[in-house]
Amino acid sequence: MTQPAEQIVDPSRGPEILRLRQLSKTFRVGFWATRVQAVRDVSAVMYQGESIGYLGPNGSGKTTSIKCMLALIQPSSGKIELFGRSPTDPLARARVGYLPESPYFYDYLTPVEVCEYVGKLYGLDARTRKQRTQELLGLVGLDQAAKRPLRGFSKGMLQRIGIAQSLMADPDLLIWDEPLSGLDPLGRKEVRELMIELRRQGKSLFFSSHVLTDIEALCDGVCILDRGVAVAQGRLADLLRRDALESEALLDLPADPQLEAGLRAELAKIPGLALQQLPTGVQAVLPTQAVPALIQALMQGGGQLRELSARRDSLEDLFMRKALQRSDGGQP
Ligand SMILES: Nc1ncnc2c1ncn2[C@@H]1O[C@H](COP(=O)(O)OP(=O)(O)O)[C@@H](O)[C@H]1O
Ligand SMILES: [Mg+2]
């Protein structure tokens, strides 16, 4: 996914599987039919085998775009192509597995019944349905609960059922709306590992998230939305600024208060160095050319250098930068 979509000429990439052309969606709400522009002119392209994060805070238009991609709602303007076809085309739809945001299933059904039902919708024969159901419930760790009614399932368990049913027809493209939300840290880790495994198997993955931390490892590319507008798009490696001129170091200062004060005084003499207390230690941000001075001060003052790296944007830095540019009236 890159900007503008039309400029990509990269033969090493697989075939194009999803394209948004200036997608816009406006809702009319309330008695006065007030217009809510949920998605504005979003253009994007995704290639087979890629994993794309569709990111942005709550209310930025992610679910609305995803519903348009699945033809669950109609765009107000613009166009979507799924495998080169209209999203209403059953041939395109059959190649997509969808995980809705906060999936809801009838709570008297069991995981096996949900998978069976979805398998029937996709026209799978009885043997394939049985085999896939067993395989997928194992994959998402629900084999023990396979025949228990969903009533009383935790949010995490419902999310796993949602994931299993999205894989029933062995789709090429997975469109998952907030697969990581509402999970505890362990569940989050498990779903992340599953996403990495599916990507390894060659699946294409388009997923949304309103939490930007810890998803970097999951995406080849991102599209970041802010109030309906795509404010940043492209490969993560290109988007996240690596500033070789600035470095980031994690330090251990001496436990003795007097030594610590002495070392802090020495560090304060290094031009451009800023210290910050993090839960993991003391962080120093400094011009890369001052790194030798930092090391010398640490050696003389009884401190230790635990980590040193070129300073890099996080996805959150990137979002804040882009969102601020927009509020300032700058170019998105
Ligand atoms: N069916 C709807 N009717 C009216 N407004 C809606 C509807 N669906 C979404 N919206 C509005 O569109 C905006 C984007 O919502 P949504 O796509 O759900 O964002 P996200 O998934 O990024 O949290 C929000 O302001 C939301 O209130
Ligand atoms: Mg949403």
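Residues numbered from 1 in each chain as written. Chains lettered and ligands numbered in written order. Predicted model: local features only at pLDDT ≥ 70, side-chain atom pairs only at ≥ 80, totals over all residues.

Around ligand 1, the neighbouring residues are Phe27, Val29, Val36, Ala38, Gly56, Asn58, Gly59, Ser60, Gly61, Lys62, Thr63 and Thr64. Every element with two or more residues in the shell around ligand 1 is listed here: strand S1 (16-29), strand S2 (34-47) and helix H1 (62-69). With three residues, the top contributor of residues to the shell around ligand 1 is H1. Partitioned by chemical class, the residues of the shell around ligand 1 number four nonpolar, seven polar and one charged. (Near = placed C-beta within 6 Å. Helix = DSSP H or I, 4+ residues; strand = E, 2+ residues; numbered from the N terminus. Nonpolar A, V, L, I, M, F, W, Y, C, P; charged D, E, K, R; others polar.)

Glancing now at the sheet that holds S1. Adjacent strands of a sheet form backbone hydrogen bonds with each other and so pair up, either parallel or antiparallel. An order of S2-S1-S4 is seen for the three strands of this open sheet, with the pairing classed as antiparallel. A strand with exactly one partner marks an edge of an open sheet, and here the two such strands are S2 and strand S4 (77-82). The average angle at which neighbouring strand axes cross in this sheet is 20°, direction not considered. H1 contacts S1, S2 and S4 of the sheet and is inclined by roughly 120° relative to S1. (Pairing = 2+ DSSP bridges. Axes fitted to C-alpha atoms, helices over the stretch in contact; angles between N-to-C directions. Contact = placed C-beta atoms within 7 Å.)

For helix H9 (residues 291-301), every residue scored as buried is listed here: Leu294, Ala297 and Leu298. The arc that holds the buried residues of H9, viewed along the axis, is 100°, so those residues lie on one side. Relative to its buried face, H9 has exposed residues pointing more than 90 degrees away, namely Pro292, Gln296, Met299 and Gln300. Gly302 sits one or two positions beyond H9 and adopts a positive phi of about 80°. (Buried ≥ 20, exposed ≤ 12 C-beta atoms within 10 Å, placed from the backbone. Arc of directions from axis to C-beta.)

The next point concerns the environment of Ala265. In this structure, Ala265 sits in helix H8 (residues 257-267). Take Ala265: there are 11 C-beta atoms within 10 Å of it, and that puts it in the exposed class. Between the alpha carbons of Ala265 and Gly301 there is a distance of 9.9 Å; along the sequence they are 36 residues apart.

All right, on to the nonpolar core then. Counting residues in each nonpolar core, the largest one holds 63 residues, and the members touching the most others are Met46, Ala164, Ile175, Phe206, Cys223 and Ile224. The element that contributes the greatest number of residues to this core is S2, accounting for seven residues. With residues near it in sequence (within four places) discarded, Ile224 still touches Leu55, Gly56, Ala230, Val231, Ala232, Phe319 and Lys322. Counting residues in hydrophobic clusters, the runner-up holds ten residues, among them Leu251, Ala284, Leu286 and Ala297. (Core = buried A, V, L, I, M, F, W, Y, C linked by C-beta atoms within 7 Å.)

Of the two faces of strand S5 (residues 96-99), the one carrying Val96 and Tyr98 and the one carrying Gly97 and Leu99 are both buried. Relative to strand S6 (residues 173-176), S5 runs parallel, the two being bridged by four bridges. Looking at S6, one finds that Tyr98 is bridged to Ile175.

Interpretation in functional terms is not warranted from these geometric data alone.
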